[in-house]
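Examining the three-dimensional arrangement
Chain by chain, the residues:
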Amino acid sequence: MEQLIKQLDQYRKDIEAYMTATAETAEEFRIKYLGTKGIVKSVMGEMKNVAPEERKHFGQILNEFKQTVEEKYHQLKESSAEKTETAGAAFDYSLPADNFLTGSRHPLSIVRSRIISIFSRLGFAVAEGPEIEDDWHNFGSMNLPEDHPARDMQDTFYINNSKEEGIWLLRTHTSNVQARVMEKQKPPIRVICPGRVYRNETVSARAHCFFHQVEGLCVDTNISFADLKHTLYFFVKEMFGSDVKIRFRPSYFPFTEPSAEMDISCLICEGDGCAVCKHTGWVEILGSGMVHPKVLENFDIDPNKYTGFAFGMGMERICQLLYRVNDLRLYSQNDIRFLQQFTGSV
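All of the points below concern the structure found in this document. (Residues numbered from 1 in each chain as written. Predicted model: local features only at pLDDT ≥ 70, side-chain atom pairs only at ≥ 80, totals over all residues. Heavy atoms only, no water.)

1. Some remarks on unusual backbone geometry
The omega angle of the peptide bond from Pro187 to Pro188 is 5 degrees, so this bond is cis rather than trans. In this fold, Pro188 is placed in the loop between helix 7 (175–184) and strand 5 (189–198). Here the phi dihedral of Asp300 falls at roughly 55 degrees; this positive angle occurs in a residue that is not glycine. For Asp300, the position within the fold is in the loop between helix 9 (293–298) and strand 10 (307–314). Here Asp300 falls in the exposed class, since its relative accessible area comes to 68%. Although it is not a glycine, Asn334 adopts a positive phi angle of roughly 55 degrees. Mapped onto the fold, Asn334 is located in the loop between helix 10 (315–323) and helix 11 (336–339). Assessed through its relative accessible area of 61%, Asn334 is described here as exposed. (Helix = DSSP H or I, 4+ residues; strand = E, 2+ residues; numbered from the N terminus. Buried < 20%, exposed > 50% of the residue type's maximum accessible area, 1.4 Å probe, protein only.)

Here it is in structure tokens:
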């Protein structure tokens, strides 16, 4: 017991050595003396080694020591708080403020908002769906036979390719959202489906393993190819300006019949010919067509009563034409020098 009392006297001398402190040293003192593994808890544990007749006297000594430590900690804490207030009062509020870098919206977000804004004026709602999809909603319901090239492993990221357990994959287009809309909603239907899609391709300036699409679907009575053309003409004029020239070319898609691709006059060379338009003066921006009757039948929509049109475009291609961005990798590299060039105006 005498040895422990001497040790307590030494602790008191060490405590008195703490005169003033910062918040950091006050916290250091608390941990050292009052922490769960601190000195106070350690000396309290010595009570079990004290003879029963001396425990009352020794207990008083320990309580006094504990009170001394707590009082010292409160003094240090108050001292550090006063220093902080003094330092804050010394701040010169007349100094000019630091420059803060303001953020800007991503170019793909800007384009996405503009596309949604344009089609919303035509009565199109926004629909979204899962990026991990089953084979039926991604391929089968869209009239893609099992031997179609788009199903090849070189194009699609398959998660599970077992027919017994169900085929799951990363969606290759946002047509799966159209499928899920037709599955739950009967005509009239008028939606656009923006989102990220995935293809098993080598990453380069012109290709990426993921990119962004906006697809549109309109199903109702008496929908014609003229409605499709009028809708897309309106979109192009609103997006690129009234001086842009437009043309349709016959094409093939398994989910539309008839099908067409849409070209606009190159905005970079104004139709004179450049590397972007491959010296043709035209740039393809989307695919479109009338919804195939088989697709409508897959969702119990009577093709004799209802018709519809669909279209799909890549947001990166629209960005390329609007902002002259020729490298797809820039969109996902998070280079602040690239992102700061966009104001985010819609």
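Once you've had a look at it, read on.
2. Digging into the packing of aromatic side chains
For the coordinates displayed, the defined rule picks out 11 aromatic pairs. Considering the side-chain rings of Phe119 and Phe235, the 5.1 Å spacing of their centres and the 15 degrees angle between planes classify their relative orientation as stacked. Separated by 116 residues along the polypeptide, Phe119 in helix 5 (residues 107–120) and Phe235 in helix 8 (residues 225–240) bring together distant segments of the chain. Since its relative accessible area comes to 0%, Phe119 is described here as buried. When its relative accessible area of 0% is taken as the criterion, Phe235 is described as buried. Centre to centre, the rings of Tyr331 and Phe338 are 6.2 Å apart; their planes meet at 75 degrees, and the pair counts as edge-to-face. The pair Tyr331 / Phe338 is uniform in exposure class, with both members buried. (Phe/Tyr/Trp six-rings, centres within 6.5 Å; stacked < 30°, edge-to-face > 60°.)

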